[in-house]
Amino acid sequence: MARSSTSVDVAVIGAGPYGLSLAAHLRARGVEHRIFGEPMGPWKTNMPRGMLLKSYPWATSLSDPKSEFGLKSFCNERALPYHDELMPLPLSRFIDYGEAFQARYVPAVERKTLIALEPGPGILRATFDDGETVHARRVVVSIGLNPFKCLPQEVAHLPVELCSHSGEYGSLEALNGREVIVVGSGSSASDLAALLHERGIAVSLVARRPKLNFADGPRHRSLFARTTAPMSGIGHGWALATCAKYPQLIRLLSKDLRVRLADHGALGPLGGAFVKDRVLGQVPVWLGQAIRGIETHDGKVMLDFVDFAGAPRSMRADHVIFATGYKVDVSRLGFLNETLLRRMQLIDGAPQLSAHYETTVPGLHFIGPAAANSFGPVCRFVYGTYHPARHLARHLSAVLVRYRPAFQLRPLDRTVSP
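Residues numbered from 1 in each chain as written. Predicted model: local features only at pLDDT ≥ 70, side-chain atom pairs only at ≥ 80, totals over all residues. Heavy atoms only, no water.

1. A closer look at the pattern of salt bridges
- Considering all chains together, one arrives at 14 salt bridges under this definition.
- Measuring nitrogen to oxygen at the nearest pair gives 3.5 Å for the salt bridge that ties Glu358 to Arg138. In this pair, Glu358 is assigned in the loop between strand 19 (350-351) and strand 20 (364-366) and Arg138 in strand 7 (residues 133-141), connecting sequence segments 220 residues apart.
- On the accessibility criterion, Arg138 (15% relative accessible area) is buried.
- The closest approach of N and O atoms between Lys327 and Asp348, which form a salt bridge, is 2.3 Å. Here Lys327, found in the loop between strand 17 (319-322) and helix 11 (338-343), pairs with Asp348, found in the loop between strand 18 (346-347) and strand 19; they are 21 residues apart in sequence, far enough to count as distant.
- When salt bridges with common partners are traced through the structure, they connect Arg34, Glu110, Lys112, Asp130 and Glu132 into a single cluster. (Salt bridge = Lys/Arg side-chain N within 4 Å of Asp/Glu carboxyl O. Helix = DSSP H or I, 4+ residues; strand = E, 2+ residues; numbered from the N terminus. Buried < 20%, exposed > 50% of the residue type's maximum accessible area, 1.4 Å probe, protein only.)

Next up, the structure:
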């Protein structure tokens, strides 16, 4: 049975690193809010167990108001091994850290799913899968990359038993005893290839690029190297350091340049430093291969490739995993009302955002990867949580105090006071 409507100043959609960081700052500032979603949901259900994060541990902390509970503090509290650079960060430990952050700073997460977002008179109406409708003065969408999985058009007709996207794992148990091809050259491809091989699964890695690139392993860097290519939370070099530290300046660049940066023009496909030796020399790798055809026969997938010299190659497998990345396209968000979509100006499928992460629909904001076309590639990294959490919490605390409309209904007691 549908519940009666309630109202709130800010509704945060998504409880991953960006949503949790923003909610922590809103709570500290006393901004009335509710946050919806499964804490660290995609990290728990859409990434393979045993995966190592590509980013350095020092650059993988959520943003809390006093900067006192980073990953290092979490590990120290629990007597867990930690080093800023010399050891990798397992996915399981990062999930534990995110859940500890949530318990400490965002205790009132509501585990339900947004199914419809519609415009109203001075508000946005958010309807959830339990039947509740929330009237929100501001809605901040922080849903990560999972809704934007990108598969080649040639595989649209293939059944899920034979073809999948790397973002659908999770457990790898369903692939035990099968012959698998992983297509791609980035971290998802190399991570999956290594994990499948180590499970005893026959796996090959096929990539269009002529070379697999991996992040630099831990090493001493000279003063000259640190000066000419400074380290940042998203990689080495002045370009990435600028993107990491000054997303508000990136927003002032031309649209074309911002899109190139967001599409990893400054990064490119890159495997993790600690995965390199688990792939090269361990997993059969076929490079410089472009797909020319995909068919199925007798429960197998048949792939035809051609290399840069025009030489053909055919391969077959029980299952093909396409680690072919993500492409932000908000029209794929099933909860967005058509009216909202028409009113929203887009940049190559992503929302055009103001300096306050606000779309051209008043009161609707996006943070996280969907903001990358406006604020640069830092939005694709956990390191980027710092910027929108602080900026948007400060902005909303100021604008919401100045005006409280008459439509407001009495909210449920769901927001914990700071």
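2. What about the sheet that holds strand 8 (residues 163-165)?
- Read across the sheet, 5 strands follow the order 8-17-9-10-13 without closing on themselves; strand pairing throughout is parallel. Each of the sheet's edge strands pairs with one partner strand only, and the pair in question is strand 8 and strand 13 (285-286).
- Contacts from helix 5 (residues 187-198) reach strand 9 (179-183), strand 10 (202-206) and strand 17, with the element oriented near 160 degrees to strand 10. (Pairing = 2+ DSSP bridges. Contact = heavy atoms within 4.5 Å. Axes fitted to C-alpha atoms, helices over the stretch in contact; angles between N-to-C directions.)

3. Looking at helix 4 (residues 91-105)
- For helix 4, with 15 residues, the first-to-last C-alpha span of 21 Å sits near the 21 Å given by 1.5 Å per residue.
- Buried residues of helix 4: Leu91, Arg93, Phe94, Ile95, Tyr97, Gly98, Ala100, Phe101, Gln102 and Tyr105, and no others.
- Considering only its buried residues, helix 4 is in contact with helix 1 (17-28), helix 2 (41-45), strand 3 (52-53), helix 3 (71-77) and strand 4 (89-90). (Expected span 1.5 Å × (residues − 1).)

4. Quick word on the sheet that holds strand 15 (residues 300-306)
- Across the sheet, which stays open at both edges, the 3 strands sit in the order 14-15-16 with antiparallel pairing between neighbours. Edge strands, defined here as strands with exactly one partner in the open sheet, are strand 14 (290-297) and strand 16 (312-317). For this sheet the average axis-to-axis angle between neighbouring strands, irrespective of direction, equals 20 degrees.

5. Section: a nonpolar patch on the surface
- A surface patch of nonpolar side chains, about 320 Å² in accessible area, is lined by Tyr246, Leu249 and Leu252.
- Examined against the element boundaries, Leu252 turns out to sit in the loop between helix 8 (247-250) and helix 9 (255-265).
- Owing to a relative accessible area of 61%, Leu252 belongs among the exposed residues under this scheme. (Patch = residues over 30% accessible without salt bridge, like charges linked within 9 Å, V, L, I, M, F, W, Y side chains within 5 Å. Areas by Shrake-Rupley, 256 points an atom, 1.4 Å probe, with all protein chains shown as cover.)

6. What about the packing of aromatic side chains?
- One pass over the full model with this rule turns up 11 aromatic pairs.
- Look at Phe74 and Tyr97: their rings are 5.6 Å apart centre to centre, the planes differ by 55 degrees, and that puts the pair in the tilted class. A residue pair is termed long-range when its members are at least 10 positions apart, and Phe74 in helix 3 and Tyr97 in helix 4 qualify at 23 residues.
- Taken together, the ring pairs connect Trp43, Phe69, Phe74, Phe94, Tyr97, Phe101 and Tyr105 into an aromatic cluster.
- Its guanidinium or amino end placed over the ring of Phe69, Arg104 lies 3.8 Å from that ring's centre, counting from NZ or CZ.
- The aromatic ring of Phe128 is capped on one face by Lys112, whose charged end is 5.5 Å from the ring centroid. (Phe/Tyr/Trp six-rings, centres within 6.5 Å; stacked < 30°, edge-to-face > 60°. Lys NZ or Arg CZ within 6 Å of the ring centre and 35° of its normal.)

7. Quick word on unusual backbone geometry
- Here Tyr169 and Gly170 are connected by a cis peptide whose omega angle stands at 0 degrees.
- Position of Gly170 relative to the elements: it lies in the loop between strand 8 and strand 9.
- For Met40, which is not glycine, the phi dihedral falls at a positive 60 degrees.
- Inspection of the secondary structure puts Met40 in the loop between strand 2 (33-36) and helix 2.
- One non-glycine residue, Ser67, adopts positive backbone phi at about 50 degrees.
- Counting through the fold element by element, Ser67 comes out in the loop between strand 3 and helix 3.
- The exposure class of Ser67 is exposed, given its relative accessible area of 52%.

8. Looking at empty space enclosed by the protein
- Under the defined criterion, the tally for this structure stands at 3 cavities of 30 Å³ or more.
- Here the largest cavity defines a volume of roughly 70 Å³.
- Ala262, Asp263, Tyr326, Lys327, Val328, Asp348, Ala350, Pro369, Ala370, Ala372, Asn373 and Arg380 are the residues that line the largest cavity.
- Elements represented by at least two residues in the lining of the largest cavity include exactly helix 9 and helix 12 (372-375). (1 Å grid on protein atoms, 1.4 Å probe; cavity = no way out; pocket = protein on both sides within 12 Å on 5 of 7 lines; lining within 4 Å. Points joined across faces, edges and corners; volume = space filled by probe spheres on them.)

9. A word on the side chain of Lys112
- When you line up the elements, Lys112 lands in the loop between helix 4 and strand 5 (114-120).
- Of note is the side chain of Lys112, whose polar atom sits 3.0 Å from the side chain of Asp130.
- At 2.4 Å, the side chain of Lys112 forms a polar contact with the side chain of Glu132. (Polar contact = N/O pair within 3.5 Å; in protein donor to acceptor, adjacent residues only side chain to side chain.)

Geometric values such as these leave the question of function open.
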